[in-house]
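This is what each chain is made of:
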Amino acid sequence: MIISLLRSPTYIYRILRSDRDLRRFQTVAKWKTQNPEFNEEFVFDSKLKELPRRTLEISVWGNDSGLREDCLGGVQIGIDSKGERLRHWFEAIKHPDIRHDRWHFLLNDGVA
């Protein structure tokens, strides 16, 4: 598995969901590393009144089998989140013009 991970790209999808639309962005793929760093900023333009109904999904993808892309983990931040993820979401809504940096653990079973 280590050899194939070193040969395959790893990248992150960022999705901002609402009931009516879906905006998806992908980072640059990182090749030949088991510990890729993604120091990329992203901005979603959205109306402030729409933010409480939206959900930010972040998933990390790679190709460790050589056959297809695999979701390596993910996190979902929105009104249905709990704990620190929910506090992060409320802070982002309360102060939309401020940069909000946080670390969140990725769940192994994808975005949840």
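Residues numbered from 1 in each chain as written. Predicted model: local features only at pLDDT ≥ 70, side-chain atom pairs only at ≥ 80, totals over all residues. Heavy atoms only, no water.

In the annotation of an unreviewed UniProt entry, the entry for the protein reads C2 domain-containing protein, and the organism field reads Notodromas monacha.

### Here we look at the pattern of salt bridges
Tallying each qualifying case throughout the model produces 5 salt bridges. Of the charged contacts, one joins arginine 87 and glutamate 84 as a salt bridge, the two residues approaching to 3.3 Å between their closest N and O atoms. A residue pair is termed a helical-turn pair when its members lie 3 or 4 positions apart in one helix, as arginine 87 and glutamate 84 do in helix H2 (residues 83-94) at 3 residues. For arginine 99, the salt bridge identified is with aspartate 101, shortest N-O distance 3.0 Å. The network of salt bridges with common partners includes Glu84, Arg87, Glu91 and Arg102. (Salt bridge = Lys/Arg side-chain N within 4 Å of Asp/Glu carboxyl O. Helix = DSSP H or I, 4+ residues; strand = E, 2+ residues; numbered from the N terminus.)

### Some remarks on the confidence of the model for the protein
On average, the protein scores 75 in pLDDT, and the residues at 70 or more come to 71%. The secondary structure element of the protein with the lowest average pLDDT is helix H1 (residues 2-7), at 40, and the one with the highest is H2, at 92. Scored below 50 in pLDDT, residues 1-7 shows 11 contacts in the model against residues more than four places distant or in partner chains. (pLDDT = per-residue confidence, 0-100. Contact = heavy atoms within 4.5 Å.)

### A word on the pairing of strand S3 (residues 55-62)
Most of S3 is tucked away, with 7 of its 8 residues classed as buried. Where S3 meets strand S4 (residues 70-78), 8 bridges bridge the pair, whose relative direction is antiparallel. Residue pairing across strands places tryptophan 61 opposite cysteine 71, the latter belonging to S4. (Buried < 20%, exposed > 50% of the residue type's maximum accessible area, 1.4 Å probe, protein only. Pairing = 2+ DSSP bridges.)

### Here we look at the environment of proline 52
Locating proline 52 in the fold gives a position in the loop between strand S2 (22-26) and S3. Residue class for proline 52 comes out partly exposed when judged on its relative accessible area of 34%. Between the alpha carbons of proline 52 and isoleucine 79 there is a distance of 6.3 Å; along the sequence they are 27 residues apart.

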